[in-house]
Amino acid sequence: MEEPIRDRVARVLERIDRAAARSGRSPAAVRLVAVTKTQPPERVAEAYEAGLRVFGENYVQEAEGKAGRVPDAEWHLIGKLQGNKVRKAVSLFGWIQSVDSPGLLAAISRRCVEAGKTMPVLVEVNLAGEGSKAGVSPEELPDLLSAAAGLDGVVVAGLMAIPPMTEDPEESRPGFSRLREILARHSGPGTGREGMTELSMGMSNDFEVAIEEGATMVRVGTAIFGSRARRQG
Ligand SMILES: *Cc1c(COP(=O)(O)O)cnc(C)c1O
């Protein structure tokens with residue numbers, strides 16, 4: 001029989017506690033973002049009943065059907081955002097973690113101003129420099145951050161990265177520590193960005209290493225929900 005979501009959640013929370021303790025951090029400083037992609041609304045509701053209140057979704061359309069099942073939850077967009085879905089994303093999500101261009105940031109800003117809200121966003125950084133991966137290169141980051149400073153309705157709260165998948169979680173460590181260094185470089189005293197403190201990094205197979213390296217958000221899917229069905233359509 002498949003392990004209940006409640007038990008999986010308990011185990012993930014325990015592992016977060018232990019990883020935080022190992023690195024002298026408070027577990028309260030780490031947000032667990034439960035990644036719901038391909039999971040049906042009923043399973044999301046189960047995770048909610050197990051106490052989770054923060055969810056991450058890759059697809060705007062999919063979040064729509066799930067958000068209604070979990071009142072007072074916080075939804076984070078963690079996947080590629082198309083220009084024609086920005087308005088809907090702004091109405092559904094409390095955070096957008098996947099900002100990867102000045103144009104997208106400007107579009108989010110415009111829709112947020114229209115909606116009368118302020119959206120915390122993360123800039124997705126492409127650490128590996130793989131052409132196929134989303135995110136801005138560390139070299140492009142300063143321009144994006146400068147552009148953000150002039151925009152209403154959005155606040156760049158930190159950085160997000162998806163390092164290449166590896167079997168051994170230790171192989172993710174250099175990427176995580178590099179993202180922490182990049183954040184420190186751009187948010188230090190005198191930069192005007194002292195409030196940029198969030199580091200979204202770490203998934204099911206490497207979230208403990210990410211926490212040891214300073215993650216403030218870990219995005220965990222399969223460790224909570226079990227393996228994913230193939231995405232339809
Ligand atoms: C799917 C996904 C996750 C979660 O991955 P798991 O390995 O299932 O924990 C995290 N972040 C992003 C951006 C994803 O697409």
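Structure report, in brief. (Residues numbered from 1 in each chain as written. Predicted model: local features only at pLDDT ≥ 70, side-chain atom pairs only at ≥ 80, totals over all residues. Heavy atoms only, no water.)

A short note on the site of the ligand
Link 1 in the chain: In the vicinity of the ligand, the contacting residues are Val35, Lys37, Asn58, Ile78, Ile162, Met203, Ser204, Arg219, Val220, Gly221, Thr222 and Arg228.
Link 2 in the chain: Here an oxygen atom of the ligand sits 2.6 Å away from a polar atom, N or O, in the side chain of Lys37.
Link 3 in the chain: Gly221 is positioned such that a nitrogen or oxygen atom in its backbone is 2.7 Å from an oxygen atom of the ligand.
Link 4 in the chain: Burial of the ligand by the protein chains amounts to 92% of its free accessible area of 390 Å².
Link 5 in the chain: When atoms are counted within 2 Å of each cavity's grid points, the one that captures over half of the ligand is the largest pocket. (Near = heavy atom within 4 Å. Polar contact = N/O pair within 3.5 Å; in protein donor to acceptor, adjacent residues only side chain to side chain. Areas by Shrake-Rupley, 256 points an atom, 1.4 Å probe, with all protein chains shown as cover. 1 Å grid on protein atoms, 1.4 Å probe; cavity = no way out; pocket = protein on both sides within 12 Å on 5 of 7 lines; lining within 4 Å. Sits in = over half its atoms within 2 Å of the grid points.)

Some details on the layout of surface pockets
Link 1 in the chain: When its volume is computed, the largest pocket comes out at roughly 290 Å³.
Link 2 in the chain: Residues belonging to the lining of the largest pocket are distributed by class as follows: 6 nonpolar, 5 polar and 3 charged. (Points joined across faces, edges and corners; volume = space filled by probe spheres on them. Nonpolar A, V, L, I, M, F, W, Y, C, P; charged D, E, K, R; others polar.)

Concerning helix 2 (residues 41-49)
Link 1 in the chain: Those residues of helix 2 not exposed but buried are Arg43, Val44, Ala45, Ala47 and Tyr48.
Link 2 in the chain: Contacts from the buried residues of helix 2 go to helix 1 (5-22), strand 2 (54-57), helix 3 (60-67), strand 3 (74-77) and helix 9 (222-225).
Link 3 in the chain: The first or second residue beyond helix 2 is Gly51, which carries a positive phi of 110°. (Buried < 20%, exposed > 50% of the residue type's maximum accessible area, 1.4 Å probe, protein only. Helix = DSSP H or I, 4+ residues; strand = E, 2+ residues; numbered from the N terminus. Contact = heavy atoms within 4.5 Å.)

A short note on the packing of aromatic side chains
Link 1 in the chain: Following the criterion strictly, the structure yields 1 aromatic pair and no others.
Link 2 in the chain: The ring of Tyr48 has Arg53 lying over it, and the distance from NZ or CZ to the ring centre is 3.6 Å. (Phe/Tyr/Trp six-rings, centres within 6.5 Å; stacked < 30°, edge-to-face > 60°. Lys NZ or Arg CZ within 6 Å of the ring centre and 35° of its normal.)

These figures come from the coordinates and say nothing about function on their own.
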